[in-house]
Amino acid sequence: MSKKRRVNSDGTPKREKRPDMFSARPFEGFADEVEWIALRELVPAASAPLKLVPQLIEEFGDRPVTLATVLPMAWPAMTKPDGRIFVGLQRHVQSGDVSRDLAVALVRALQTNPGSPVSVPAHAGHGPRLQDLIVDGPLAITLHDGFEFWLDGDPGDDPNVKASLERANASIYPTVRLAAAKAAYWCRVPDRGHVRWVLPDEEDAALGALARLSASGDLLLGEGTKFAGMFRAHGRLVPVWDIPRDPEAAEWEAPLAAFAKRYADALADPAPLDSAARRSRQGLVGRQLTLR
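Quick summary incoming for the structure in this document. Remember, it's a predicted structure, so these values are computed and weren't measured experimentally.

This part takes up the pairing of strand S10 (residues 236-243). Of all eight residues in S10, eight are buried, a share of seventy percent or more. The side-chain alternation of S10 yields two buried faces, one formed by Arg 236, Val 238, Val 240 and Asp 242 and the other by Leu 237, Pro 239, Trp 241 and Ile 243. Where strand S8 (residues 192-197) and S10 come together, four bridges link them in antiparallel fashion. Residue pairing in the sheet places Val 195 in a bridge with Trp 241 of S10.

This is how it looks when you write it as C-alpha cells:
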C-alpha cells in the first residue's frame, strides 16, 4: 500500500520536517575555539584567512578562503571573480550546529563558479563539519573599522549590497582585541565601555572560579567598573564588565591581566565552595544569557 502524500490546503506538497542537529560546542577541537566564539558572538567587523585541507585543494584548487564576521545581507558565503571565497560567521538562517552550517556554505562556495552567487540550503543536513574541511591553527584576526573589505574598494552597482554595507557600517562600535587574555575584547558603546572575555574553561569550573571571586569581592576590574553578567555561548562563559567610557582600550590591559591571575588562582583552588561562594554562584547563574 502506498503512503498517502501530505499536502497543503492549496494542493502543494508539504515540506518534510527534518530533525535539527545540535552541537553545544560547535567549535570544539579548534586551537582557537574561544576566538571563533568571540568572532561569532562579540565582534562586529573582523576577518581571518582559512586554509583548506589537502583533499579539498586537490579537488577544487588552492582557493583563498576568508572567514568574515558578517557578509553583505548576512549571506552565508560569497565568491569573488578571481576565485577567492568569503564565509560568513553571523548569518540569518542556521541550524543547531554552526560548524555544519559553515561547512555546507564553504563546500557550496567551492562548487560555485567564481563571481557567481552561492546557493546554500536552508537545512544543512548531515555531513562534514568545518573542522573536517580546514587546517586548524591560531586565527590571524584582523579587526576592521568598516565592511569595505567585502568589496575590494569597489561597491559595484548592486543597490542592495550598497544599502547592506551602509547599514552594517552604521552598526559598528569601536572594538579592540586585548592582549591580556585570549578572546578578550574592549568595546565602546554610546554611553559606556565594555570588556568581554570568552573563558577557555568548562562552564562549571569557570562558574565556580567566578563565584569564589565574587564572594571575596575580587570580581571587578577596578574602580568605576561593574560586573554586568555573563553570556553562555557555544559551551563557554563570557563575563562582561561595564567600564567607564572614556579610557582607551590600552588602559584595561593591566586590570584584565590582574583579574586573569586571580581567576586562574580561583580555578586551581581544589576546596569545595563555601556558603558565601555558593550564594554568589546562584546569583551569577541568574545573570546569565544564553547565545546560540
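The next point concerns the pattern of salt bridges. For side chains bearing opposite charge, pairing can occur when the charged atoms are close. Applying the stated criterion across every chain yields a total of 16 salt bridges. One salt bridge in this structure joins Lys 51 and Asp 62, with 3.0 Å as the shortest N-O distance. You can see Lys 51 sitting in the loop between strand S1 (46-50) and helix H2 (54-60) and its partner Asp 62 sitting in the loop between H2 and strand S2 (65-68), a full eleven residues away along the chain. Judged by relative accessible area, which is 42%, Lys 51 ranks as partly exposed.

We now examine the nonpolar core. Across soluble globular proteins, nonpolar side chains show a tendency to be buried alongside one another. Formed by 42 residues in total, the largest nonpolar core has its most connected members in Phe 27, Trp 36, Leu 39, Leu 102, Leu 106 and Val 198. When residues of this core are traced back to their parent elements, those giving at least two are helix H1 (33-41), S1, S2, strand S4 (85-88), helix H3 (98-111), strand S9 (226-233) and S10. Broken down by element, the residue count for this core peaks at seven residues, all from H3. Not counting the four nearest positions on each side in its chain, Trp 36 is found in contact with Phe 27, Phe 30, Leu 50, Leu 67, Leu 89, Leu 102, Leu 130, Ile 134 and Leu 139. One finds Leu 199, Met 230, Leu 237 and Ala 249 within the second-largest nonpolar core, a separate group that totals 28 residues.

Cut-offs applied
Residues numbered from 1 in each chain as written. Predicted model: local features only at pLDDT ≥ 70, side-chain atom pairs only at ≥ 80, totals over all residues. Heavy atoms only, no water. Buried < 20%, exposed > 50% of the residue type's maximum accessible area, 1.4 Å probe, protein only. Helix = DSSP H or I, 4+ residues; strand = E, 2+ residues; numbered from the N terminus. Pairing = 2+ DSSP bridges. Salt bridge = Lys/Arg side-chain N within 4 Å of Asp/Glu carboxyl O. Core = buried A, V, L, I, M, F, W, Y, C linked by side-chain atoms within 4.5 Å. Contact = heavy atoms within 4.5 Å.

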